Amino acid sequence: MFGPEIQCPHCRQTIPALTLTDTYLCTRHGAFEANPKNGELIHLQSGRHWRRWNNEWYRQHTHPDGIRFEIHEALDKLYTQGFRATRVIIARRYQELMSGYLERSTPWRSGQPEATAARLYGLPVEFSPDTSDDPCWEVINFDLEKEPGVPVRYPYFRLFE
């Protein structure tokens, strides 16, 4: 479905398709099966689902801790590259899943409307536009707005509070 070889979603090494199947085999991570109905790649051992956008694999999360961990890793990576995140944009399809895990400022204390009060790791959170306006949000999970510099207070250490 994705051609004779793909990049492993875990380790990014090139892995071959098994002849006459929809399965790809990574020597480190095992078998991945392509689902032609929805375009997903499924890791057979763990059951994790992946989708591709612009030749990059994005894990499709079913639990809030998975996406929170992925965002935390991206924040750490930004920090090591000399950037600080200024905002997190999360795919709208995760809005219900994430709603109980976002920090909320009470509007009467902050003076802000409830819609802009959601935060994650101390950063403002917004949800993506509708997928009909921007189809990448059917696949990608989040985006970080960034600027050069280190965070004033490195708030990302509170991973699973």
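As the structure is a computational prediction, the values presented were derived from the model and not from experiment. Counting restarts for each chain, with residues numbered from 1 along the sequence as it is written. Where local features are concerned, this predicted model is filtered to residues with pLDDT of at least 70; where side-chain atom pairs are given and counted, the filter is 80 or more; whole-chain, interface and lining totals use all residues. Hydrogen atoms and water are omitted, and side-chain values are computed over all heavy atoms in the structure.

Engineer: For this particular structure, what's the right way to read the packing of aromatic side chains?
Structural biologist: The relative placement of two aromatic rings is captured by the distance of their centres and the angle of their planes. Note on aromatic pairs: the rings of Phe, Tyr and Trp (six-membered ring only in Trp) are paired at centre separations within 6.5 Å, and the planes decide the class, stacked below 30 degrees, edge-to-face beyond 60, tilted for the rest. Per the counting criterion, the structure on display carries two aromatic pairs. Relative to Tyr-24, the ring of Phe-2 has its centre 6.4 Å away and its plane inclined at 45 degrees; by these criteria the two rings are tilted. Note that Phe-2 is positioned in the segment before β1 (5-7) and Tyr-24 in strand β3 (residues 23-26), a separation of 22 residues in sequence. When its relative accessible area of 1% is taken as the criterion, Tyr-24 is described as buried. Ring plane angle 90 degrees and centroid distance 5.0 Å describe the contact between Phe-2 and Trp-57, whose orientation is recorded as edge-to-face. Remark: Trp-57 occurs in strand β7 (residues 56-60) and Phe-2 occurs in the segment before β1; sequence separation between them is 55 residues. Each member of the pair, Phe-2 together with Trp-57, is buried. What links up through ring pairs into an aromatic cluster is the set Phe-2, Tyr-24 and Trp-57. Above the ring of Phe-83, the side-chain terminus of Lys-146 is found at 4.5 Å from the ring centroid. Each helix corresponds to a stretch of at least 4 residues labelled H or I by DSSP, and each strand to a stretch of at least 2 residues labelled E; elements are numbered beginning at the N terminus. Summary of the burial criterion: residues with accessible area below 20% of their type's maximum are buried, those above 50% are exposed, and those between are partly exposed, where the area comes from a 1.4 Å probe applied to protein chains only. Each ring is checked for a lysine NZ or an arginine CZ that lies within 6 Å of its centre and within 35 degrees of its normal; such an atom marks a charge sitting over the ring.

Everything listed here is a matter of coordinates, which is why it stays silent on function.
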